[in-house]
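Examining the three-dimensional arrangement
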Amino acid sequence: MGNSFKYSVAGHSFRFVLPESLPPCSWLSPYEPFRCEEAGESIFTLRLECVSSLADVVGGELVERFNDEAPYLWVFRKENRYIFAFSYTVDHPDCVLVASADFSDAVIYIDKVKYAEFAMSNAAMLLYAFRTLPHDTLLVHASVVKYDGCGYIFLGRSGTGKSTHSRLWLESIEGTSLLNDDNPVIRIIDGEVRVFGSPWSGKTPCYINEELPLQAVVRLSQAPYNKIGRLGMLQSYASLMPACSCARWDRTSVDYLHKTVEKVIGKVGCWHLDCLPDHEAARLCCDTVKRQLPDYEVH
């Protein structure tokens, strides 16, 4: 049977089943704030199994390997189904995910116990993103801060300073706190766009089970000056869309993604901030997006 753990993130519950032989898992601590004992259906169940070799599990033809940096996502096609894998390097998969056709039930295979946390975390995020898309829910690669009762999301390519900008808000703007530093969740509930903390926060240990109205989405770019401008609908769409997790090889999932992104940008203001990594950039951003101003520039 194994040991079963149930969690709820942004109102969507899911279940982990771990081998009884596995020692106590300290790496489950990020999930504790999201622990849920309520009865009811889970959007997915993820089981962890140890095998002697991953070679027999993978099989099939490699379709594509995604991501420019670790964790790398591998997609294989075996007969009429997809098999997924994750790795720290581009050399070979470190764990393999085999899921049911609708992703409601899945097994993540590892050949070394040291990969358990890596395997479960990445598999859970993929399953969560896939299963929640039909419910106006987005798992977003971003950093988000809480200020004055609202959430502010910062997007950007890897290395553009999302975490740095959040830290500058914490240092410069009194009353600011961090909600999540890598994978917050956006969900539309009763017509309102909400942002939620999650158990997935990258290198920053920030696992907060809290939700806030989303006040603004800000895309960051490095520059030798600080300048912020309000984005139109098309630009807003182009800013938010790439940051959302999605099975982009699946047409149905992509359709759900398009619809939810359109709903979000129709209700929440989006900005582009060219900035230096300084406190003035944080203050400029806060003052502009909080008051919903159109454009402002500081050299």
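Residues numbered from 1 in each chain as written. Predicted model: local features only at pLDDT ≥ 70, side-chain atom pairs only at ≥ 80, totals over all residues. Heavy atoms only, no water.

**Some details on the overall build of the protein**
Within the protein, the regular secondary structure consists of six helices and 18 strands. Counting only C-alpha atoms and orienting by the principal axes, one finds that the protein spans roughly 60 × 40 × 35 Å. The buried share of the protein, taken over its 299 residues, is 52%. As displayed, the protein offers around 14000 Å² of accessible surface, 48% of which is attributable to carbon and sulfur atoms. (Helix = DSSP H or I, 4+ residues; strand = E, 2+ residues; numbered from the N terminus. Buried < 20%, exposed > 50% of the residue type's maximum accessible area, 1.4 Å probe, protein only. Areas by Shrake-Rupley, 256 points an atom, 1.4 Å probe, with all protein chains shown as cover.)

**Focus: the packing of helix α4 (residues 233-240) against helix α5 (residues 251-267)**
One way to put it is that α4 packs onto α5 with a least axis distance of 10 Å and a crossing angle of 125°. As judged from the angle between their axes, α4 and α5 are oblique. Crossing hand, α4 versus α5: right-handed. Contacts between α4 and α5 pair Met233, Ser236, Tyr237 and Leu240 from the former with His258, Val261, Glu262, Val264, Ile265 and Gly266 from the latter. Its residues placed into classes, the contact of α4 with α5 shows six nonpolar, three polar and one charged. (Axes fitted to C-alpha atoms, helices over the stretch in contact; angles between N-to-C directions. Parallel < 35°, antiparallel > 145°, perpendicular 65-115°, else oblique. Left-handed = near helix turned anticlockwise from the far one by under 90°. Contact = heavy atoms within 4.5 Å. Nonpolar A, V, L, I, M, F, W, Y, C, P; charged D, E, K, R; others polar.)

**Points about unusual backbone geometry**
For the bond running from alanine 70 to proline 71, omega is 5°, close enough to zero to count as cis. Position of proline 71 relative to the elements: it lies in the loop between β4 (61-66) and β5 (72-78). Phi is positive for phenylalanine 103, which is not a glycine, with a value near 65°. Here phenylalanine 103 is to be found in the loop between β7 (95-99) and β8 (105-110). Owing to a relative accessible area of 7%, phenylalanine 103 belongs among the buried residues under this scheme. At aspartate 136, a residue that is not glycine, the phi angle is positive and equals roughly 55°. Tracing the chain through its elements places aspartate 136 in the loop between α2 (116-132) and β9 (137-139).

The values are spatial; any link to function lies outside them.
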